[in-house]
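Reading the structure
So the chains spell out like this:
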Amino acid sequence: MFQRKRSVLIFLIPGLSLLAVFYFVPFLIGLRYSLMGGAKMSSYIGAANYQSLWKNKMFLLGLKNTLALCGICAPLLWGVAFAFSLFLQSIHPKGALFRKIALTPYMAPSSAMVLIWLLIFDYGGWINHLLQAIGLNRVLWLESSALRFPVIVMFIWKNLGFCIVLFLTALQTVPQALYEYARLEGAGFLAKALKISLPQILPTAFLIFVIAWINAFRIFKEVYIIAGAYPDASAYTLQHYMNNMFARLNYPMATAAAYSFAAIVLALFAVLFALQRHAAKSMQ
């Protein structure tokens, strides 16, 4: 048995070596940068960069907006995907076309997708024409605090299809006899969804929730393409701050922000996994 494990390690060495070169080594170098100061980053200053960082207004603004956007986007994406999955499952096999349509935005290039949304939410775009048609004033969607709305809509639209496919795959494993029994007992659509579907696919549902959070933390790319490096304050994310510090060659502050954000993300996922274990035990 030990010999077999050693032979497997031989095949893992090339991949692990590349992982070390491109991930672990840069991680350690970045950690060193975050503890250095001076014009040439030649002096060790310890946690001074972190102390200065947590007093920086732009960093705190970016952190607040990032957590707020993630707190809105991730649960909303999960809920919408779950609802759509239940609907498509109920109209099976007629829902095959809708599944393909929903997955298309996920596969489309972000640049092309953003151009579409720029046309839709432009001051002279379709949304403002619709608002005028119903007697409302046009809105500066891309240049005001309203920027959050198109960002959230775009995030849901892009990631919805992938989550639906995962949900539908899990829902296919639920025994149909449970639904038949619930129907005979007079259970409605919502009761079957919460009492049968969700408990039966809880591990997959949790995985999709984690994926939704991971994608939400990467929302910076779309915001940057839409509004640039300095968007409205309501959409200024933590990645904007790190990108701007990197552009100014302020590597200590950029890396300190990155490691602070990583610690927050790890803490968040630790809480999510603890909640998942508690929910799994309570349903046993």
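In this report, we go over the structure that sits alongside the text.

About the thresholds
- Here the residue numbering is sequential within each chain, running from 1 through the sequence in written order.
- Reporting of local features is limited, given that this is a predicted model, to residues whose pLDDT is at least 70; pairs of side-chain atoms are given and counted only at 80 or more, and all residues count toward the totals for whole chains, interfaces and linings.
- With hydrogens and water excluded, all non-hydrogen atoms of the structure serve as input to the side-chain values.
- Salt bridges are counted wherever a side-chain nitrogen of Lys or Arg sits within 4 Å of a carboxyl oxygen of Asp or Glu.
- Numbering goes from the N terminus for both helices and strands, where a helix is a DSSP run of H or I of at least four residues and a strand is a run of E of at least two.
- Residues forming no salt bridge and having over 30% relative accessible area are the ones grouped into patches, like charges within 9 Å of each other and nonpolar side chains (Val, Leu, Ile, Met, Phe, Trp, Tyr) within 5 Å.
- Here the accessible surface of atoms and residues is derived via Shrake-Rupley with a 1.4 Å probe, and residues count as covered only by protein chains that are part of the display.
- Nonpolar cores are built from buried Ala, Val, Leu, Ile, Met, Phe, Trp, Tyr and Cys residues. Side-chain atoms within 4.5 Å join them into one set.
- Burial classes follow relative accessibility: with a 1.4 Å probe on protein chains only, a residue under 20% of its type's maximum area counts as buried, one over 50% as exposed, and anything between as partly exposed.
- What makes two residues a contact is simply this: any of their non-hydrogen atoms within 4.5 Å.
- Pairing of aromatic side chains here covers Phe, Tyr and the six-membered ring of Trp, requires ring centres within 6.5 Å, and sorts the geometry by plane angle: under 30 degrees stacked, over 60 edge-to-face, intermediate tilted.

We now examine the pattern of salt bridges. When their charged atoms lie close together, side chains carrying opposite charge are able to pair. A full pass over the atoms with the stated rule returns one salt bridge. With its nearest N and O atoms 2.8 Å apart, the salt bridge here joins Arg183 to Glu180. Taken together, the positions of Arg183 and Glu180, both in helix H8 (residues 176-184) and three residues apart, correspond to about one turn of that helix.

Our focus in this paragraph is a nonpolar patch on the surface. A grouping of Val8, Leu9, Leu12, Leu16, Leu18, Leu19, Val21, Phe22, Tyr23 and Phe24 is seen on the molecular surface, where their side chains present a nonpolar patch of about 1000 Å² in accessible area. You can see Leu9 is positioned in helix H1 (residues 2-33).

Attention now moves to the nonpolar core. Among the nonpolar cores identified, the biggest contains 70 residues, and Phe82, Phe167 and Tyr241 are the most heavily contacted of them. Discounting residues that sit within four places of it in the chain, Phe167 has contacts with Trp78, Ala81, Phe82, Ser85, Ile201, Ala205 and Ile208.

The general pattern is negative phi for most residues beyond glycine and trans for most peptide bonds. Not every positive phi belongs to a glycine, and Leu249 is a case in point at roughly 65 degrees. The residue Leu249 is located in the loop between helix H12 (238-247) and helix H13 (251-282) in this model.

Attention shifts here to the packing of aromatic side chains. Applying the stated criterion to the full structure yields 20 aromatic pairs. Their ring planes at 50 degrees and their centres at 5.3 Å tell us that Phe82 and Phe167 sit as a pair that is tilted. Of this pair, Phe82 sits in helix H3 (residues 57-90) while Phe167 sits in helix H7 (residues 148-171); the two residues are 85 residues apart in sequence, bridging distant segments of the chain. Measuring from centroid to centroid gives 5.0 Å for Phe206 and Phe273, while their planes differ by 70 degrees, and the two rings are edge-to-face. Of the two residues, Phe206 is situated in helix H10 (residues 202-217) and Phe273 in helix H13; the sequence distance between them amounts to 67 residues. Residue class for Phe206 comes out buried when judged on its relative accessible area of 13%. For Phe273, a relative accessible area of 39% translates into the label partly exposed. Taken together, the ring pairs connect Trp78, Phe82, Phe167, Phe209, Trp213, Phe217, Phe261 and Phe269 into an aromatic cluster.

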